[in-house]
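Geometric and topological summary
Chain residues, written in single-letter form:
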Amino acid sequence: MKYGIKSDFYTQNNTISFSSTDKINEGLDLETIPINEYYIFIKLTFSNSDIKYYSLKNTSSYSDLTYYTITKSNSNNKIDISFNQYNGIPYMNLCVKKVDSLPEDIYDFAIDPGHGGKDKGAKSGDYTEAELALKCGLDLKNKLEILGFKVFISRDGSESQTEDTTTNMYDENGRINILNKSHAKLLLSLHLNENIYNKKLGGIEVYAPSNCNLDFASSIAKNIVDDCGTNYSSLKSFKAEDGVYVRNFNNADILAYKTRASKSGYEPYNITTSTPYLYIIRETGGISTGAFVDGRNKLYGKNIFYNSNIGIEAYQIELGYMKINTDLENIVNNYPQYMDAIVKTIQENYIK
Ligand SMILES: [Zn+2]
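Residues numbered from 1 in each chain as written. Predicted model: local features only at pLDDT ≥ 70, side-chain atom pairs only at ≥ 80, totals over all residues.

1. A few points about the nonpolar core
Core analysis: the largest hydrophobic core is formed by 63 residues, its most contacted members being Phe109, Ala110, Cys136, Val206 and Tyr338. Tyr338 has contacts with Cys136, Ile224, Cys228, Leu319 and Ile331, leaving out every residue within four places of it along the chain. (Core = buried A, V, L, I, M, F, W, Y, C linked by C-beta atoms within 7 Å. Buried ≥ 20, exposed ≤ 12 C-beta atoms within 10 Å, placed from the backbone. Contact = placed C-beta atoms within 7 Å.)

Structure below.
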């Protein structure tokens, strides 16, 4: 069986660089690749029609990988991606096998109900964002489990209400590290918006990574709007598509981070204007999303996956605005419908 993936390439200083995609959710789809053993070669066609094949050697500091496909009909494939040698010739190998179940510490999906502990998030009357996000998260987890998926949740309400979840975020068992350790394929972080940009208009905002095909984010927003009697947010800043937002660091943000670093006496992070601003998206994607919390800032622990080729495709969903009554009432009364719309999107995209 032969598989071809077209790659973009460019040359510089006698070096050819190539990539099958610059997006984190495109390229070779490991979810659909049939069970078999594959050997990966680069096929180069020269202008005089000569064809040459090149094998691949891993000269990076990143190790071999094992990937488990999302559970479908109680079944998963295990994919080992490794670099080996045959008679001194290096090669890249991809081995797809069926397994009976996922290892204990590997999950299909992860849910992060925003805030928690001492941090209640946005407030409106008797309602707090932390409490509403938790209700939503538990409902979503339950619905996905009924469909046979293995779901990790970053908090389930049993956490201490006085714990400071902001400063322990990057501790060994802090939110970022436990989410990374779940090896989930998809992470949904559930929030409600705090500030009002417009006194009348609320609506849904789905924040996506910067280097991402936005179809999935777009269909979450669309399904919620279609099924839950809400609307796309009219917020213009960071808007990529209807209901879809991509927020990267801008120059002012970068300067603020640099100033903070020099005041606290550590080397500034290497942040660019393509680095995702939202930590949940950035710090759960490893090298693919520019995770950078490496422990140099002594206020926080260390994201042990910051320089890792393991990462999750993460989205932050702002379901509506706490301080806009129509949004708040709709979410309080109909949050199971919002979660149904998310489940529907997952089914449409991940069960093919
Ligand atoms: Zn929030």
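2. What about the sheet that holds strand E14 (residues 239-241)?
In spatial order, the strands read E11-E8-E12-E16-E13-E15-E14; together these seven strands make up an open sheet with mixed pairing. Of all strands in the sheet, those bounded by a partner on one side alone are strand E11 (151-153) and E14. Taken together, the two bridges between strand E13 (residues 205-207) and strand E15 (residues 244-245) define a ladder with parallel strand orientation. Looking across to E15, one finds that Val206 is bridged to Val244. (Pairing = 2+ DSSP bridges. Helix = DSSP H or I, 4+ residues; strand = E, 2+ residues; numbered from the N terminus.)

3. Some thoughts on unusual backbone geometry
Residue Asn13 is not a glycine yet carries a positive backbone phi of 50 degrees. With respect to the element layout, Asn13 can be found in the loop between strand E1 (8-12) and strand E2 (15-19). Overall, Asn13 belongs to the exposed group, with 4 C-beta atoms counted inside 10 Å. Unusually for a residue other than glycine, Ser49 sits at a positive phi of about 75 degrees.

4. A look at the sheet that holds strand E5 (residues 65-68)
In any sheet, the strands associate via hydrogen bonds between backbone groups, in a parallel or an antiparallel arrangement. The five strands lie next to each other as E4-E3-E7-E6-E5, forming an open sheet whose pairing is antiparallel. Two strands bound the open sheet, and with one partner strand each, they are strand E4 (51-55) and E5. Averaged over all neighbouring strand pairs, the angle between strand axes comes to 30 degrees, with direction disregarded. (Axes fitted to C-alpha atoms, helices over the stretch in contact; angles between N-to-C directions.)

5. A look at the pairing of E4
With zero of five residues buried, E4 is to be regarded as a mostly surface element. Sheet analysis places strand E3 (residues 36-45) next to E4, joined by five bridges and oriented antiparallel. By the bridge assignment, Phe41 is partnered in E4 with Ser55. Linking E3 back to E4 in an antiparallel pair, the connection comprises five residues, with Ser49 at a positive phi of about 75 degrees.

6. Side note on the domain arrangement of the protein chain
You can read the domains of the protein chain as domain 1 (8-99) and domain 2 (109-350). Computed from C-alpha coordinates alone, the two centres of domain 1 and domain 2 are separated by 31 Å. Taken together, the ten residues of domain 1 in the interface contact 14 residues of domain 2. (Domains from an automatic or database assignment.)

7. Thoughts on helix H3 (residues 215-228)
Between the first and last C-alpha of H3 there are 20 Å, a value that for 14 residues agrees with the 20 Å anticipated at 1.5 Å per step. All of the buried residues in H3 are Phe216, Ala217, Ser219, Ile220, Ala221, Asn223, Ile224 and Cys228. Contact partners of the buried residues in H3: E13, E15, strand E16 (313-321) and helix H6 (325-350). Immediately downstream of H3, the backbone of Gly229 shows phi near 60 degrees, a positive value. (Expected span 1.5 Å × (residues − 1).)

8. Details of the packing of H3 against H6
Orientation of H3 relative to H6, taken along the N-to-C sense of each, is 135 degrees, at an axis distance of 8 Å. Judged by the inter-axis angle, H3 sits oblique to H6. Of the two possible hands of crossing, H3 and H6 adopt the one that is right-handed. Across from Phe216, Ser219, Ile220, Asn223, Ile224, Asp227 and Cys228 in H3, the residues of H6 making contact are Asn330, Asn334, Gln337, Tyr338, Asp340, Ala341, Ile342, Lys344, Thr345, Glu348 and Asn349. (Parallel < 35°, antiparallel > 145°, perpendicular 65-115°, else oblique. Left-handed = near helix turned anticlockwise from the far one by under 90°.)

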